[in-house]
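# Structural characterization, general
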Amino acid sequence: MNLYQTVTDDETLLRDGTIKLHGPAGFEGMRKAGRLAAEILDALVDHVAPGVSTGALDDIVREMTMAGGAVPATLGYRGYAHSCCISINHVVCHGIPSDKVLKDGDIVNIDVTPLRDGWHGDTSRMYLVGDVPLKARRLIDVTYECLMLGIEQARPGARLGDIGAAIQHHAERQRYGVVREFCGHGVGRLFHDAPEVVHAARAGTGPELKPGMFFTIEPMINVGKPGVKLLEDGWTAVTRDRSLSAQFEHSIGITETGCEIFTASPKGLNQPPY
């Protein structure tokens, strides 16, 4: 089987292990979906505060997604009943919105994926709740740096392993742990597709990056060891040692000369403090 599949942007796509190569219409579709996703995260800056419940934030995400002519891709996905994932402190990813109230000093990741005109805009961002300790702020800064160092490697002719190697090198220089159990993924008209984009890898390994590839880069970085465990709800992943964890995510497309970030903040609010 050929590893790559050049696709037209109106054909039915299957998750068949091939890496899809998209054309100009795909880039335009991802720009629109990615911009809406980023606008939603921008709007949440004014709402993430002590005393606000994660369920209330989920309501805002759902309302903004639908007002933008999209639907939340997570709503009903494999039985998931919410419009986003909200992960606090030692929760690595896939935290479930609830009546849980944010507290002063918390750090929070909010992960949204509006499905707009058939395209998925998948992105997440960290937020500071009130007065956050320096240790947590430093983790967030390094995690964002990891994301952007990974994106710097995303260009034609590079290898997927180059992305993971850049992320791993930077995180481990700070003595942080890089989560292995979750990774980035192909994205587009399918929510999760090939390739898997691991965040700890050896440079020069993995599939070659080619123009038209769409995927997410979403490093999860722990203050402590990299190990995680899944809670009984089947979704929430937490650090095994209860250390803080942070994550940022962008959806990108490989161009002829580099890459395009589809989910960059229109207001420049890509990392805290906002």
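An account of the accompanying structure is given in this report.

What counts as what
- Residues numbered from 1 in each chain as written.
- Predicted model: local features only at pLDDT ≥ 70, side-chain atom pairs only at ≥ 80, totals over all residues.
- Heavy atoms only, no water.
- Pairing = 2+ DSSP bridges.
- Helix = DSSP H or I, 4+ residues; strand = E, 2+ residues; numbered from the N terminus.
- Contact = heavy atoms within 4.5 Å.
- Axes fitted to C-alpha atoms, helices over the stretch in contact; angles between N-to-C directions.
- Buried < 20%, exposed > 50% of the residue type's maximum accessible area, 1.4 Å probe, protein only.
- Parallel < 35°, antiparallel > 145°, perpendicular 65-115°, else oblique.
- Left-handed = near helix turned anticlockwise from the far one by under 90°.
- Nonpolar A, V, L, I, M, F, W, Y, C, P; charged D, E, K, R; others polar.
- Expected span 1.5 Å × (residues − 1).
- Salt bridge = Lys/Arg side-chain N within 4 Å of Asp/Glu carboxyl O.
- Core = buried A, V, L, I, M, F, W, Y, C linked by side-chain atoms within 4.5 Å.

## Quick look at the sheet that holds strand E14 (residues 220-222)
Spatially, the three strands line up as an open sheet ordered E10-E14-E17, and their pairing is antiparallel. Bordering the open sheet on either side are strand E10 (177-178) and strand E17 (245-247), each of which pairs with just one other strand. Relative to E14, E10 runs antiparallel, the two being bridged by two bridges. Pairing of Val178 across the sheet is with Ile221, part of E14. Where helix H3 (residues 134-152) meets the sheet, its contacts fall on E14 and E17, and the angle it forms with E17 comes to roughly 35°.

## What about the sheet that holds strand E16 (residues 237-239)?
Taken in spatial order, the three strands make up an open sheet running E5-E16-E15, and their pairing is antiparallel. At either end of the open sheet lies a strand with only one pairing partner, and these are strand E5 (91-93) and strand E15 (228-230). On average, adjacent strands in this sheet sit at an angle of 40° to one another, irrespective of strand direction. Relative to E16, E15 runs antiparallel, the two sharing three bridges. Bridged to Leu230 within E16 is Ala237.

## Structural notes on unusual backbone geometry
Backbone geometry follows two general trends: most residues other than glycine have a negative phi, and most peptide bonds adopt the trans configuration. The omega torsion across Ala194 and Pro195 is 5°, close enough to zero to call that bond cis. With respect to the helices, strands and loops of the structure, Pro195 is situated in strand E12 (residues 193-197). Cis geometry is adopted by the peptide bond preceding Pro273, which originates at Pro272 and carries an omega value of 0°. If you trace the backbone, Pro273 turns up in the segment after strand E19 (259-261). Despite not being glycine, Asp117 has its phi angle at roughly 55°, a positive value. Look at Asp117 and you get exposed, because its relative accessible area is 61%. The backbone phi angle of Arg242 is positive, close to 65°, even though this residue is not glycine. Secondary-structure assignment places Arg242 in the loop between E16 and E17. A relative accessible area of 58% places Arg242 in the exposed class.

## Description of the packing of H3 against helix H4 (residues 160-173)
It is at 8 Å that the axes of H3 and H4 come closest, and there the two elements cross at 155°. The orientation of H3 with respect to H4, classified from their angle, is roughly antiparallel. Crossing geometry of H3 relative to H4 is assigned as right-handed. Seen from H3, the contacting residues are Val142, Glu145, Cys146, Leu149 and Gly150; seen from H4, they are Ile163, Ala166, Ile167, His170 and Ala171. Residues belonging to the contact of H3 with H4 are distributed by class as follows: seven nonpolar, two polar and one charged.

## Focus on the pairing of strand E9 (residues 123-128)
In terms of burial, E9 is largely enclosed, as six of its six residues are buried. The alternating pattern of E9 places Thr123, Arg125 and Tyr127 and Ser124, Met126 and Leu128 on opposite faces, both of which are buried. Bridge count between strand E6 (residues 107-112) and E9: six bridges; the pairing is antiparallel. Across the sheet, residue Ile110 finds its bridge partner in E9, namely Arg125.

## As for H3
Compared with the 27 Å implied by 1.5 Å per residue over 19 residues, the 27 Å span of H3 between its first and last C-alpha is a close match. Taken residue by residue, H3 has Ala136, Leu139, Ile140, Val142, Thr143, Tyr144, Cys146, Leu147, Gly150 and Ile151 as its buried positions.

## Structural notes on the pattern of salt bridges
By the definition in use, this model includes nine salt bridges. Close ionic contact of Arg31 with Glu260 constitutes a salt bridge, the shortest N to O distance being 2.7 Å. Highlighted residues: Arg31 in helix H1 (residues 24-44) and Glu260 in strand E19, separated in sequence by 229 residues. Across the pair Asp58 and Arg62 runs a salt bridge, and its minimum N-O distance is 3.6 Å. A residue pair is termed a helical-turn pair when its members lie 3 or 4 positions apart in one helix, as Asp58 and Arg62 do in helix H2 (residues 54-67) at four residues. Beyond isolated ion pairs, a larger network of salt bridges with shared partners links Asp16, Lys20 and Asp193.

## Concerning the nonpolar core
In this structure, Ile107, Ile163, Leu209, Met213, Phe215, Ile217 and Ile221 are the most contacted members of the largest nonpolar core, which totals 35 residues. Sorting the residues of this core by element identifies strand E2 (19-21), E9, H3, H4, E12, strand E13 (214-217) and strand E18 (250-254) as the ones contributing at least two each. With eight residues, H3 is the largest single contributor of residues to this core. What Leu209 contacts, discounting residues up to four positions off in sequence, is Gln153, Ala154, Arg155, Pro156, Gly157, Ala158, Arg159, Leu160, Ile163, Phe215 and Ile254. Within the second largest apolar cluster, 19 residues are counted, among which are Leu36, Ala70, Ile86 and Ile110.

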